[in-house]
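Inside the fold
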Amino acid sequence: MLKPVFALCLIGLASTASADTARSRLDTFAKGLRSVTADFEQNVFDANDKPGKATSGTLAVQAPRQLRWEVVKPYQQLVVADGMHVWIYDPDLEQVTVRNQGVEEAHSPLTVLTDVSQIDRDFAASEQGEHDGLKWLRLKSKAAEAEFDYADLGFACADAGKTDCGGAVVFARMIFKDTLGNRTETRYSHWQRNPELPADRFRFTPPPGVDVIGEVKPEAEVHPIKD
């Protein structure tokens, strides 16, 4: 089963933009970002374009490094990034994997949303024009061994009935393609910008009796076992 690409499909919010390009909209909505919550719907397709199960759930992000990504349908899965480690909990498997968060975030589209300056440093960004009613920006990692092929960020007018946004835009979709040719498409809704989020939203303690793969060592990189 293809796992949802949680860390790469995380943040979006309504904001304002003065120029009608995807890059300028990204620059604008990221300005002043501290926290955000939303609902998501995600579809994963393999290299032959065969769809997997669609998933849906909620997310919460707090700049610069905290994340909660919770799948609620059709199965349950919880991802918590606490600022130092990423925890992935699969209740059905009674298993938790943990890894160093720095590894998970390296050269990821996630980081540009809280640090737009990283685009020019770590990515090649290109405008992809307009389709499906959205303006698209493509990010390709400059890393020698990139974690993904590309990530496309799609921006719409906040008022869906308008073709001229009038300064109000929303980050609506992300299309992510990994190096194996799998594609993940995520749609976002019900954004709340800069809500007050409790600290325990971004904490995770493995439930009693579950298998934990990896160790919590702040000074070391920890990787989960891969299938």
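Residues numbered from 1 in each chain as written. Predicted model: local features only at pLDDT ≥ 70, side-chain atom pairs only at ≥ 80, totals over all residues. Heavy atoms only, no water.

When we look at burial in helix α1 (residues 22–30), the residues that qualify are Ala22, Ser24, Arg25, Leu26, Phe29 and Ala30. Gly32 occupies a position one or two residues after α1 and carries a positive phi of about 80°. (Buried < 20%, exposed > 50% of the residue type's maximum accessible area, 1.4 Å probe, protein only. Helix = DSSP H or I, 4+ residues; strand = E, 2+ residues; numbered from the N terminus.)

Turning our eyes to something else, we now look at the pattern of salt bridges. Taken as a whole, this structure holds eight salt bridges when the rule is applied. Two residues, Glu130 and Lys135, come together in a salt bridge whose shortest N-O distance is 3.3 Å. Overall, Lys135 belongs to the buried group, its relative accessible area being 16%. Arg183 is paired through a salt bridge with Glu185; the nearest N and O atoms lie 2.8 Å apart. One continuous salt-bridge network, built from bridges that share partners, spans Asp49, Asp132, Arg173, Arg183 and Glu185. (Salt bridge = Lys/Arg side-chain N within 4 Å of Asp/Glu carboxyl O.)

Attention shifts here to unusual backbone geometry. Residue Pro74 is reached from Lys73 by a cis peptide bond, and omega for that bond is 0°. Its location among the elements puts Pro74 in the loop between β4 (66–73) and β5 (77–82). For Glu94, which is not a glycine, the phi torsion comes out positive at approximately 50°. Within the element layout of this structure, Glu94 appears in the loop between β6 (85–90) and β7 (95–100).

Turning our attention to the environment of Ala38. The residue Ala38 is located in strand β2 (residues 35–45) in this model. Expressed as a C-alpha distance, the spacing of Ala38 and His190, which sit 152 residues apart in the sequence, is 5.3 Å. For Ala38, the residues in contact, after removing those within four places along its chain, are Gly57, Thr58, Leu59, Ser189, His190 and Trp191. (Contact = heavy atoms within 4.5 Å.)

So, on to the environment of Ala151. By the secondary structure assignment, Ala151 is in strand β10 (residues 148–157). Relative accessible area serves as the criterion here: at 0%, Ala151 is assigned to the buried category. Every residue in contact with Ala151, bar those within four places of it in the chain, is listed here: Pro109, Leu137, Arg138, Leu139, Ile175 and Phe176.

All right, on to the pairing of strand β8 (residues 123–131) then. Consecutive residues of a regular strand have side chains that alternate between opposite faces of the sheet. With seven bridges joining them, β8 and strand β9 (residues 134–141) adopt antiparallel strand pairing. From the neighbouring strand, Ala124 faces β9, where its bridge partner is Lys140. Joining the antiparallel neighbours β8 and β9 is a turn of two residues, in which Asp132 adopts a positive phi near 55°. (Pairing = 2+ DSSP bridges.)

With that out of the way, let us pick up the packing of aromatic side chains. Scanning the model with the defined rule gives eight aromatic pairs in all. Between Phe40 and Trp69, the ring centres sit 3.8 Å apart and the planes meet at 15°, which makes this aromatic pair stacked. Placement of the pair is Phe40 in strand β2 and Trp69 in strand β4, with a sequence separation of 29 residues. Taken together, the ring pairs in this structure connect Phe155, Phe171, Tyr188 and Trp191 into an aromatic cluster. Sitting over the ring of Phe45, Arg183 keeps its end group 4.3 Å from the ring centre. (Phe/Tyr/Trp six-rings, centres within 6.5 Å; stacked < 30°, edge-to-face > 60°. Lys NZ or Arg CZ within 6 Å of the ring centre and 35° of its normal.)

Moving on: the side chain of Asn182. Summarising the element assignment, Asn182 is placed in the loop between β11 (168–178) and β12 (183–193). Overall, the relative accessible area of 12% leaves Asn182 in the buried class. Within the structure, the side chain of Asn182 is placed 3.4 Å from the backbone nitrogen of Ala47, a separation counted as a polar contact. (Polar contact = N/O pair within 3.5 Å; in protein donor to acceptor, adjacent residues only side chain to side chain.)

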